[in-house]
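Single-letter residue listing:
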Amino acid sequence: MKAVILVGGEGTRLRPLTCNTTKAMVPVLNKPFLEHLLGYLKGHGVTDIILAMSYLPHHIQGHFGDGTKMGVRLSYRIEEEPLGTAGAVKNAEDLLDEPFFVLNGDILADIDLTAMMRHHRQAKAKVSIALTPVEDPTIYGVVETDAQGMVVRFVEKPKREEVTTNMINAGIYIVEPEVLDYIPPAKPTMFERYVFPLLLEKDEAILGYPSESYWIDIGTPEKYLRLNHDLLLGKAPSLFKATGGVQTGDGSQINPSANIKASVLIGEECVIGPGVEIKGPAILGPKCEVDEGATIEGAVLWDNVRVGKKVILRNCIAASHSEIHEESEVPDNCVLGDKVVVGKNNKLAQGTRIRPDKRIAPGSISF
Ligand code: GTP
């Protein structure tokens, strides 16, 4: 089976993590996010995959090549200007001659694609949209269906009194090739705002495929952090087999007095000093160094991060080559971009985001 993955967005909400890389390439459990998504598709027999790209395409192409290493066949379509979710698929029309999947490149799910394709065929739908429940539908676009599961209405950000369903578009579709005739070529066009409402207007059959299975989008740092935690904690077992323990990469040195409590993933060639406390779920990328007496709880560190003596990191994200000097504190939901240096004795406020390469002088921030 075929799929188009949309990986052309700039990922502005995920900045500063996406200042130097695309959302698809941010590491999740020390692997590019897209690798997890390709594994998910492959698990359902979807191995002919087109990547629709615009922002920093060479990062993705350079890493994945023709897909052989992942056991899939990859093709690439690059947009000079972003064409929107539907325009990007239209751009790959010459490769699409049978019903195919479309996936937003920033979601990870355990939704059963095989069953979804079966329902799509039985319903003779032109499009099927996977639906996932959310707690607060008022901030999303909800999808109303009839008793047979066919879509009757799309409602963008319904007011609380208008809410009739909590099922939202999960960013996974099956599309029949003839639907591409509704999409203008070389013009920015969105499925959600243009193509799907137009199909309803034209009385074309759209199936809603509801699923309670694991689903998350990594649009924001909070959700990116949650995905890392969820996978480590075994909340999506078919996507990642969590060991529930401490996994250490080759060549890492851990001082015997360090106290590491599961679930923790430590990449290759890390050095963990004496008296360090690491409490999972936490992830250290390759070549991180953590000095004496530091505490890391719930944090995700990319590669080559330096953590000084008695530093405290809690539920935060530190991108590649960032440094946090001694006795500084980086609390919940802080995000440090690549090569950020937090000088010693700083206490950041919760949720602080620092752009790549910025240096914070010692003791200049206190909360
Ligand atoms: P924000 O800037 O934070 O809103 O992120 P985004 O634009 O990357 O993501 P958004 O949630 O708006 O889009 C959902 C998915 O569609 C993401 O995986 C994007 O990469 C992808 N996408 C959005 N616009 C385009 C586009 O013009 N072309 C392609 N190929 N993909 C797109």
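Structure: above.
Residues numbered from 1 in each chain as written. Predicted model: local features only at pLDDT ≥ 70, side-chain atom pairs only at ≥ 80, totals over all residues. Heavy atoms only, no water.

Asker: Would you take a moment to explain the overall build of the chain for this structure?
Answerer: Within the chain one finds 6 helices and 32 strands. Over its C-alpha atoms the chain spans a radius of gyration of 22 Å, differing by no more than 12% from the 21 Å that the globule rule assigns to 367 residues. Over its C-alpha atoms, taken along the principal directions, the chain stretches across nearly 65 × 50 × 40 Å. Counting the 367 residues in the chain, one finds 54% classified as buried. Carbon and sulfur atoms make up 47% of the accessible area of the chain, which amounts to about 16,100 Å² in all. Measuring between centres, the 39 positive side-chain charges of the chain sit 3 Å from its 48 negative side-chain charges. (Helix = DSSP H or I, 4+ residues; strand = E, 2+ residues; numbered from the N terminus. Rg over C-alpha atoms; globule rule 2.2 N^0.38 Å. Buried < 20%, exposed > 50% of the residue type's maximum accessible area, 1.4 Å probe, protein only. Areas by Shrake-Rupley, 256 points an atom, 1.4 Å probe, with all protein chains shown as cover. Lys, Arg positive; Asp, Glu negative; His and termini not counted. Charge placed at Lys NZ, Arg CZ, Asp CG, Glu CD.)

Asker: Can you walk me through empty space enclosed by the protein in this structure?
Answerer: Rolling a probe over the atoms, with the probe sized like a water molecule, indicates the empty space that remains. For the structure on display, the rule yields 1 cavity of 30 Å³ or more. Of the pockets and cavities examined, the largest cavity occupies roughly 30 Å³. Lining the largest cavity, in full, are Pro-221, Glu-222, Leu-225, Asn-315, Cys-316, Ile-317, Asn-333, Cys-334 and Val-335. It is helix α6 (residues 221-232) that provides the largest number of residues to the lining of the largest cavity, a total of 3 residues. Considered class by class, the residues forming the lining of the largest cavity number 6 nonpolar, 2 polar and 1 charged. (1 Å grid on protein atoms, 1.4 Å probe; cavity = no way out; pocket = protein on both sides within 12 Å on 5 of 7 lines; lining within 4 Å. Points joined across faces, edges and corners; volume = space filled by probe spheres on them. Nonpolar A, V, L, I, M, F, W, Y, C, P; charged D, E, K, R; others polar.)

Asker: What is the right way to look at the packing of helix α1 (residues 33-43) against helix α2 (residues 57-64) in this model?
Answerer: Angle between the axes and distance between the axes are the two parameters that describe a pair of packed helices. At a minimum axis separation of 11 Å, α1 and α2 run at an interaxial angle of 60°. Between α1 and α2, the interaxial angle falls into the category oblique. Read as a crossing pair, α1 and α2 show a hand that is right-handed. Note on element contacts: α2 touches α1 through Ile-60, His-63 and Phe-64, opposite Leu-34, Glu-35 and Leu-38. Grouping the constituent residues of the contact of α1 with α2 by class yields 4 nonpolar, 1 polar and 1 charged. (Axes fitted to C-alpha atoms, helices over the stretch in contact; angles between N-to-C directions. Parallel < 35°, antiparallel > 145°, perpendicular 65-115°, else oblique. Left-handed = near helix turned anticlockwise from the far one by under 90°. Contact = heavy atoms within 4.5 Å.)

Asker: Would you mind going over the site of the ligand with me for this structure?
Answerer: Near the ligand, the surroundings consist of 19 residues, among which Gly-9, Thr-12, Arg-13, Glu-79 and Gly-84 are the closest. Measuring from a nitrogen atom of the ligand, one finds a backbone N or O atom of Ala-52 at 2.9 Å. Alone, the ligand offers 610 Å² of accessible surface; in the complex the protein occludes 82% of this. Because more than half of its atoms lie within 2 Å of the grid, the ligand is assigned to the largest pocket. When residues of the shell around the ligand are traced back to their parent elements, those giving at least two are β1 (2-7) and α3 (84-90). Among the elements that make up the shell around the ligand, the one with the highest residue count is α3 (3 residues). (Near = heavy atom within 4 Å. Polar contact = N/O pair within 3.5 Å; in protein donor to acceptor, adjacent residues only side chain to side chain. Sits in = over half its atoms within 2 Å of the grid points.)

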